[in-house]
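Per-entry structural report
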Amino acid sequence: MMMDRRYSDEITPEMDGLKVTVAGWVHDKRKLGGLLFVVLRDREGIVQVTLPKKFVVPEVFETARGLTKESVIRVTGTVQKEDKAPNGYEIIPDGIEVLSPAATPLPLDPTGKVEANLDTRLDNRVIDLRRGEVAAIFKIRDTAIEAAREYLRSEKFVEVQTPRIISTSSEGGTDLFPVAYFEKEAFLAQSPQLYKQMLMGTGFDRVYEIATYFRAEEHDTIWHLNEVTAVDCEMAFIEDEGDVLVVIENLVAGMINAVRERCGKQLEILGRELNEPRLPFTRVRYDDAVKMIDEAGLKVPHGEDLTTEAEKKLGEIMKERGEELYFVVKYPLRIKPFYTMPDEDPVYSNSFDLEIKGREIISGSQRIHQYDLLVERIKKKGLNPDNFGSYLEAFKYGIPPHGGFGLGIERFIMTLLDLPNVREAVLFPRDRKRLTP
Ligand code: AMO
């Protein structure tokens, strides 16, 4: 049977005299004259357990005295109104049970009083995640994903799961992790790209996946991960990429507003305030973006992808105009993946990125749905159409005009909360050097 226990925030001073059970970690222990205080921490906050030596059973007092910090305990006792205690109450115990003792010394101080660098924190992530500020990030992440699902469902998107083991690159390029798959060549999926497009030929005309992208990029930056979580969408029967932009605006605004409304406590812990997003988001053409960055004194080669530095500069320019969220649209076709639909002027493409404060969070486009053009573009990119057999096959038998995008959750959370490193937004990050924990 599950323990009958209450979270710290489910107990109030008005429950004075009531018997309760709480369970959690020993956050702190203090002695003051004939009093022993054990501060217990659970998911929702802290509870003060007060032991006046004279009034508690000697064994209970001895158990409390012997507790090491971060041990897991269960306490049963009586609620007592106490203005000086956190939340206005304390618990006078008549039983303390050690469910799991913690060894000493601790590899990391979970109260955060002793500062530790990110590497040490990630090495000891289980203990690091006990800290309120760290846990708050993941509650917010959970809420953002929950809101994404709510919005997409309300717009009739169907949640799907596509293969994580694939036989060919979906994004072009060589950033693939090989997998030993019997006698065949296989890789971890860079994205669901080819599968979500194929699904557009099935009748499921709006799909999304909370996907994992595996990217074998050798970057070692505050901004790159080798394992990414994304909200990955595809929708059919669009006129052009403009229809996709509207879905993104509502999706992103929905995610931000849900965090604003449901995560007040977590935002307060993190000391962050979020502005309500203003719709529609401004669309800046790639050409204009390059011009603006150029005029601000940073040279960007026209026709190339925007560097991190260039994006940052554009973010500063847009911020001066009061815009934190904006699209960059109509990138040169040359720098976009083979599946991207060319613009009427084929130098450009029906592609876009969503930027938040100078950082790319989303990338997407209208896709090519014409078989011949797709084969031509694959060849033009120096890829071999034979490697795209079953994908190309789907385009022979009726596939509607479609488009979609991928939203990187970690980058979204990082920029939204102004975190200094994208790794802060992953429970157990995978990067160039890190494979454990
Ligand atoms: P793209 O490769 O631009 O597009 O990825 C989409 C979004 O995923 C996130 N992302 C990353 N986040 C952290 N570290 C990385 N190494 C990393 N790589 C990508 C970013 C990025 O905007 N198939 C297309 C999407 C589409 O067109 O539907 C794609 O994968 O937030």
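Shown above is the structure to which this text applies.
Residues numbered from 1 in each chain as written. Predicted model: local features only at pLDDT ≥ 70, side-chain atom pairs only at ≥ 80, totals over all residues. Heavy atoms only, no water.

Side note on the environment of T68
Selection rule: Numbering of helices and strands starts at the N terminus; helices are DSSP runs of H or I of at least 4 residues and strands are runs of E of at least 2. Buried residues are those whose accessible area, probed at 1.4 Å on protein chains only, stays under 20% of the maximum for their type, while exposed residues exceed 50% and partly exposed ones sit between those limits. Whether two residues touch is decided by their heavy atoms; if any such pair falls within 4.5 Å, the residues are in contact. By the criterion applied in these results, polar contacts are pairs of N or O atoms within 3.5 Å in which, for protein atoms, one can donate a hydrogen and the other can accept it, and in which residues neighboring in sequence qualify only through two side-chain atoms.
Looking at the element boundaries, T68 is found in the loop between α1 (58–65) and β4 (72–81). Judged by relative accessible area, T68 falls into the partly exposed class, the value being 26%. In the structure, T68 is positioned 32 residues away from S100 in sequence and 10 Å away in space, judged by C-alpha atoms. Not counting the four nearest positions on each side in its chain, T68 is found in contact with V26, A102 and T104. Of the polar contacts made by the side chain of T68, one reaches the side chain of S71; its length is 2.7 Å.

Overview of the pairing of β4
Stated precisely, the cut-off is as follows: Here a strand pair is declared whenever DSSP counts at least two bridges between the two strands.
The pairing of strand β1 (residues 19–32) with β4 spans seven bridges and is classified as antiparallel. Looking at β4, one finds that V20 is bridged to G77. Note: β4 against strand β5 (residues 89–100), ten bridges, orientation antiparallel. Note that in β5 the partner of V72 across the bridge is S100.

Observations concerning the packing of helix α8 (residues 286–295) against helix α9 (residues 308–320)
Applicable threshold: For helices, the fitted axis covers only the stretch in contact; all axes are lines through C-alpha atoms, and the angles between them, taken along N-to-C directions, range from 0 to 180 degrees. For classification purposes, angles smaller than 35 degrees are called roughly parallel, those larger than 145 roughly antiparallel, those between 65 and 115 roughly perpendicular, and all remaining angles oblique. As a working rule, the residues Ala, Val, Leu, Ile, Met, Phe, Trp, Tyr, Cys and Pro are called nonpolar, Asp, Glu, Lys and Arg charged, and the rest polar, with Gly in that last group.
The contact between α8 and α9 brings their axes to 9 Å, and the two run at 85°. By the angle class used here, α8 and α9 are roughly perpendicular. Residue-level inspection shows A289, M292 and I293 of α8 in contact with α9, the latter providing A310, K313, L314, I317 and M318. In the contact of α8 with α9, the residues fall into seven nonpolar, no polar and one charged.

Description of the side chain of H27
Along the chain, the position of H27 falls in strand β1. Given a relative accessible area of 18%, H27 falls into the buried group. Polar contacts involving the side chain of H27 include one to the side chain of R41, which spans 2.9 Å.

Describing the pattern of salt bridges
Rules: A pairing counts as a salt bridge when a side-chain nitrogen of Lys or Arg comes within 4 Å of a carboxyl oxygen of Asp or Glu.
According to the stated counting rule, one finds 42 salt bridges in the structure shown. Ionic pairing is found between K396 and E393, a salt bridge with its closest N-O pair at 3.3 Å. Linked by salt bridges that have partners in common, R121, R125, D128, R131, E133 and E424 make up one network.

Some words on the sheet that holds β1
Spatially, the five strands close up into a barrel ordered β1-β2-β3-β5-β4, and their pairing is mixed. In this sheet, adjacent strand axes meet at a mean angle of 50° when their direction is disregarded. Bridge count for β1 against strand β2 (residues 35–42) is seven bridges, and the pairing is antiparallel. Residue pairing for β2: V26 is matched across the bridge by L40.

Some words on the nonpolar core
Formally: In these notes, a set of buried Ala, Val, Leu, Ile, Met, Phe, Trp, Tyr and Cys residues joined through side-chain atoms within 4.5 Å is what counts as a nonpolar core.
Formed by 58 residues in total, the largest nonpolar core has its most connected members in V252, L407, F412 and I413. Counting residues per element, this core draws most heavily on helix α4 (residues 132–154), which supplies eleven residues. Not counting the four nearest positions on each side in its chain, L407 is found in contact with T229, A230, V231, L251, V252, M255, I361, I362 and F412. Counting 23 residues, the second-largest nonpolar core is a separate cluster that includes L36, V47, L67 and I91.

Comments concerning unusual backbone geometry
Following T104, the chain continues into P105 via a peptide bond in cis, with omega recorded as -10°. Locating P105 in the fold gives a position in the loop between β5 and α2 (118–123). Residues L279 and P280 are joined by a peptide bond in cis, for which omega reads -5°. Along the chain, P280 turns up in the loop between α7 (264–270) and β12 (282–285). Positive phi outside glycine occurs at K156, with the angle close to 70°. Within the secondary structure, K156 sits in the loop between α4 and β6 (158–159). Positive phi values are uncommon outside glycine, yet K357 reaches one of about 45°. Of note, K357 is situated in the loop between β14 (351–356) and β15 (359–366). Assessed through its relative accessible area of 31%, K357 is described here as partly exposed.

Brief notes about the packing of α4 against helix α12 (residues 409–416)
Heads up, the condition is: Here a crossing is called left-handed whenever its near helix is offset anticlockwise from the far helix by less than a right angle, and right-handed whenever the offset is clockwise.
Between α4 and α12, the shortest axis-to-axis distance is 11 Å and the interhelical angle comes to 120°. Here α12 runs oblique to α4, going by the angle between their axes. Crossing angle aside, the handedness with which α4 passes α12 is right-handed. For the pair α4 and α12, contact is made by I137, I140, R141, A144 and I145 and by I409, E410, F412 and I413, respectively. Residues of the contact of α4 with α12, tallied by class, amount to seven nonpolar, no polar and two charged.

The analysis is restricted to geometry; functional conclusions fall outside its scope.
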